[in-house]
Structures are given as C-alpha cells and as structure tokens.
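Structural description and commentary
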Amino acid sequence: MSKQEQIQIKKKKNEEKKINFTSFFFRPIGRLNEKRSQRTEVTSAQESSVKHLLEMHIDPYVAKLLKDISKVSTPYIVGGSVRDFLMGKDNYDYDVAVKDFDEVVKHLISLGYNVSTEAKSFRVVKVTLENGEVVDVAGFRTEEYDLVSRKPKVAPAETIEQDLSRRDFTIN
C-alpha cells in the first residue's frame with residue numbers, strides 16, 4: 001500500500017472518530033507587540049477562527065492525548081506540525097511540549113498509554129496512540145552543544161518561550 005493510500009485511510013478513520021473540541025484545547029493566545037513587553041489579547045472572533053482550524057486539522061487521537069495531558073500540565077503543539085498547520089497542509093507528525101514533564105509521563109502511563117522512555121534523559125518520550133501514530137512529548141528544555149559531541153547537554157527550562165528559543169522554525 002502506498003504512503004498516499006495510507007494517508008487517505010487515516011483521514012477517513014479520523015473523520016469517523018471526530019472529537020468535539022472543548023475549551024481544554026484552545027488556550028487564550030496573544031502576540032507580543034513590537035517592544036515584546038506586553039501581549040495583546042486575541043479577539044473572540046480570532047479565537048473562534050483558530051479553534052475551527054484546529055478542529056479541522058488535529059488528529060482526534062492526538063486531541064485526546066492533549067486533553068489527557070492538560071489534566072496535569074498545559075500542552076503546547078510545537079515543531080513541524082505548527083508550520084504545516086500555518087501552511088494549510090495535513091500533518092501526521094506531532095510534537096508536544098509540557099512544563100511538568102515527569103508528572104505528565106507518570107499520568108500517561110497510569111492512563112494506559114504506551115510510553116517509550118528511551119530518550120527520557122533528553123526529556124522526551126514517545127507515546128504510541130491507539131491508531132498507531134507516535135507523538136513525541138517533551139519537557140520544556142534548553143540545550144547546549146560542545147565541540148566534541150553532537151549530543152546536547154539538556155537542562156529543564158521554566159517557560160515555553162525558553163523552550164521555543166532553541167527550536168528552528170523554517171518554512172520551505
């Protein structure tokens with residue numbers, strides 16, 4: 001079966017299992033003004049528009065995972081799925097960042113999620129969902145690289161902004 005056929009089958013299954021999004025998923029967002037000192041609030045019309053777009057593009061199994069994570073810590077979708085969302089492309093590769101990483105991992109395991117902890121020393125786990133998709137869940141972190149190794153020295157970060165500052169955001 002070709003990759004395109006697999007994607008079409010996933011889309012069809014996801015349409016059948018659409019989850020009704022609730023306020024757990026959409027957190028009030030803002031944007032920094034030019035001085036980067038104050039956030040301007042998003043209007044309810046903008047919020048509704050973003051929420052509608054998310055409902056159309058987020059895999060329902062991923063939405064359930066986000067809902068479960070949100071009981072312990074605020075989940076942030078990060079990485080290439082954000083870029084693809086902004087470009088209107090389908091995405092099947094989700095990365096989630098959380099502040100309370102250890103608590104989230106314990107919570108997911110207690111709920112019966114299949115959690116691979118191979119990269120836990122880098123503050124990352126892989127969560128296999130019911131439909132077979134794998135989502136990376138990472139704790140907020142900073143990374144330092146030395147000239148000897150390609151492996152970063154990882155330390156916890158306190159905010160999503162600190163975590164995002166280490167991430168590359170490229171649109172091709």
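Refer to the structure above for everything that follows.
Residues numbered from 1 in each chain as written. Predicted model: local features only at pLDDT ≥ 70, side-chain atom pairs only at ≥ 80, totals over all residues. Heavy atoms only, no water.

Our next topic: the overall build of the protein. Assigned secondary structure in the protein consists of six helices and nine strands. The buried share among the 172 residues of the protein stands at 30%. Considering only contacts within the protein whose residues lie at least 6 apart along the sequence, 55% involve residues at least 24 apart. When the accessible surface of the protein is summed, it comes to about 11400 Å², and 50% of that surface belongs to carbon and sulfur atoms. (Helix = DSSP H or I, 4+ residues; strand = E, 2+ residues; numbered from the N terminus. Buried < 20%, exposed > 50% of the residue type's maximum accessible area, 1.4 Å probe, protein only. Contact = heavy atoms within 4.5 Å. Areas by Shrake-Rupley, 256 points an atom, 1.4 Å probe, with all protein chains shown as cover.)

Turning to its location among the elements, Glu-133 is positioned in the loop between strand S6 (124-128) and strand S7 (134-139). Within the structure, the side chain of Glu-133 is placed 2.9 Å from the side chain of Asn-131, a separation counted as a polar contact. (Polar contact = N/O pair within 3.5 Å; in protein donor to acceptor, adjacent residues only side chain to side chain.)

The next thing to look at is the pattern of salt bridges. With the rule as written, the count across this model stands at seven salt bridges. Across the salt bridge formed by Asp-136 and Lys-126, the nearest N and O atoms sit 2.8 Å from each other. A residue pair is termed long-range when its members are at least 10 positions apart, and Asp-136 in strand S7 and Lys-126 in strand S6 qualify at ten residues. Overall, the relative accessible area of 41% leaves Lys-126 in the partly exposed class. Glu-143 is the salt-bridge partner of Arg-141, the closest N and O atoms lying 3.1 Å from each other. One salt-bridge network, in which partners are shared between bridges, spans Arg-141, Glu-143, Asp-163 and Arg-166. (Salt bridge = Lys/Arg side-chain N within 4 Å of Asp/Glu carboxyl O.)

Attention now moves to the packing of aromatic side chains. For the structure on display, the rule yields one aromatic pair. Summarising the aromatic geometry, the rings of Tyr-76 and Phe-140 are spaced 5.9 Å apart at their centres and angled 50° between planes, so their arrangement reads as tilted. Of this pair, Tyr-76 sits in strand S3 (residues 76-78) while Phe-140 sits in the loop between S7 and strand S8 (141-144), and the two are 64 residues apart along the sequence. (Phe/Tyr/Trp six-rings, centres within 6.5 Å; stacked < 30°, edge-to-face > 60°.)

Attention now moves to the nonpolar core. Core analysis: the biggest nonpolar cluster contains 21 residues, and Leu-65, Ile-69, Leu-108, Val-127, Leu-129, Val-135 and Val-137 have the highest contact counts within it. Of all the secondary structure elements, the ones that give two or more residues to this core are helix H3 (60-70), strand S4 (95-98), helix H5 (101-110), S6 and S7. Tallying contributions element by element places H3 first for this core, with six residues. In contact with Val-135, not counting residues within four places along its chain, are Val-62, Leu-65, Tyr-94, Val-96, Val-125, Lys-126, Val-127 and Leu-129. Grouped together as the second largest cluster of nonpolar side chains are five residues, Val-78, Phe-140, Ala-157 and Ile-160 included. (Core = buried A, V, L, I, M, F, W, Y, C linked by side-chain atoms within 4.5 Å.)

Now for the side chain of Ser-81. If you trace the backbone, Ser-81 turns up in helix H4 (residues 80-86). Within the structure, Ser-81 has its side chain in polar contact with the backbone oxygen of Val-78 (distance 3.5 Å). Here Ser-81 is in contact with Asn-91, Asp-93, Tyr-94 and Asp-95, once residues within four sequence places are set aside.

Counted residue by residue, H3 has nine buried out of eleven residues, so it is predominantly covered. For H3, the complete set of buried residues consists of Pro-60, Tyr-61, Val-62, Ala-63, Leu-65, Leu-66, Asp-68, Ile-69 and Ser-70. The N-cap of H3, judged by a side-chain oxygen 2.6 Å from the amide nitrogen of Tyr-61 a few residues on, is Asp-59.

These figures come from the coordinates and say nothing about function on their own.
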